[in-house]
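# Observations on chain architecture
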Amino acid sequence: VDFRSERAIVIDRFDRARDDAGHVHRLHQEDLCQALGVREKYEDTGGPSAARIVALLRDSAASPADARRNTEAFLNGLVFNTVTASPDAHSRNYAVLLDGDRVHLAPLYDVATGLAYSIGTRASRRLSMSIGGVFDWEAIDAEAWRRCAAELGVDESAVLDRVHRMTADAPAAFTAALDDVEDWDGSVTDVRTRLLPALENR
C-alpha cells in the first residue's frame, strides 16, 4: 500500500480482532519463551526444544482434540522451517493465543528461508531448533527425523511423509510466490536466481 511517498506491506495481525461495531480488540498471545518462562530463544543456548514445546501444547490444551491440532500445527511449522532452512525459527517466533481455557498455536510468523543468503559457512547452516539433536540443516536426515518423532511422541511414518511432501512441494510454492511479486527493480529475479537452485538441490 502506498502512503503518500512511502510504500509499505500491510499485514493483518493474528492477535487483534474486530467486533461487529468495528472496534479492534487485543487477543491475548504469548510467544513460547514467555509461555514457558524461558529467557533464551535459541535451543543451543538454553532455549526450548521442540519436545518441550510440544509438551507445553499438550499439557495446556483444553481437550485431546486441541492437543492434537496444536501438535500438528507446530510440527507443520517445524518441518517447513527445516525444509526451507529458516535460520530464525526460534521459540520467540512461535506463539500461543489464549481464549479463556482454550490455547491455540498462533499462525506462523517471521518465517524466512536462509537458502538465498547462505554463503556456505557453518553459522549459515545452523537452525534455531534441532531435529533429533541435529542443528546443521544439511546434516538432517531420515534418522534425525525418526529421533525427532520419538522425542515428540508422534508417528514416525507420518512425520517422514510430511517431510517428503513438503520437500517436494516447496519449490513450486516458492516459484508461485516469486511470480506474484512485481519485479520493478530486479530484486525478485536476484532472489529467484539464488533461492530456487538451492531449494531444488535441498
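Bear in mind that the values here come from a model prediction, so they are computed numbers and not experimental data.

A few words now on the packing of helix α2 (residues 50–60) against helix α3 (residues 64–83). Taken N-terminus to C-terminus, the directions of α2 and α3 make an angle of 155 degrees; their axes are 8 Å apart at the nearest point. It follows that α2 is roughly antiparallel to α3 by the angle criterion. As α2 runs across α3, the sense of the crossing is right-handed. Along the contact surface, α2 presents A50, I53, V54, L57 and R58, while α3 presents A67, N70, T71, F74 and L78. Taken together, the residues of the contact of α2 with α3 sort by class into seven nonpolar, two polar and one charged.

Here the focus is the sheet that holds strand β6 (residues 95–99). Strand pairs in the sheet, formed through backbone hydrogen bonds, run parallel or antiparallel to each other. Across the sheet, which stays open at both edges, the three strands sit in the order β5-β6-β7 with antiparallel pairing between neighbours. The two strands at the open ends of the sheet, each matched to only one other strand, are β5 (28–31) and β7 (102–105). When the angles between neighbouring strand axes are averaged without regard to direction, this sheet yields 25 degrees. Sheet analysis places β5 next to β6, joined by four bridges and oriented antiparallel. Within β6, the position partnered with Q29 by the bridge is L97.

This paragraph deals with the packing of helix α4 (residues 142–152) against helix α5 (residues 156–179). Direction vectors running N to C along α4 and α5 enclose 130 degrees, while the axes themselves pass 9 Å from each other. The pairing of α4 with α5 is recorded here as oblique in orientation. In terms of crossing hand, the pair formed by α4 and α5 is right-handed. Taking contact as the criterion, the partners of A142, W145, R146 and A149 in α4 are, on α5, E156, V159, L160 and V163. Taken together, the residues of the contact of α4 with α5 sort by class into six nonpolar, no polar and two charged.

Glancing now at the nonpolar core. One finds F74, L78 and W145 to be the most contacted residues of the largest nonpolar core, which totals 43 residues. If you list the elements that add at least two residues to this core, you get α1 (32–36), α2, α3, β7, β8 (126–131), α4, α5 and α6 (187–201). For this core, the leading source of residues is α5, giving seven residues. Non-local contacts of W145, meaning those with residues more than four positions away in its chain, are made with L78, V79, T82, I131, I140, V159, L160 and V163.

What counts as what
- Residues numbered from 1 in each chain as written.
- Predicted model: local features only at pLDDT ≥ 70, side-chain atom pairs only at ≥ 80, totals over all residues.
- Heavy atoms only, no water.
- Axes fitted to C-alpha atoms, helices over the stretch in contact; angles between N-to-C directions.
- Helix = DSSP H or I, 4+ residues; strand = E, 2+ residues; numbered from the N terminus.
- Parallel < 35°, antiparallel > 145°, perpendicular 65-115°, else oblique.
- Left-handed = near helix turned anticlockwise from the far one by under 90°.
- Contact = heavy atoms within 4.5 Å.
- Nonpolar A, V, L, I, M, F, W, Y, C, P; charged D, E, K, R; others polar.
- Pairing = 2+ DSSP bridges.
- Core = buried A, V, L, I, M, F, W, Y, C linked by side-chain atoms within 4.5 Å.
- Buried < 20%, exposed > 50% of the residue type's maximum accessible area, 1.4 Å probe, protein only.

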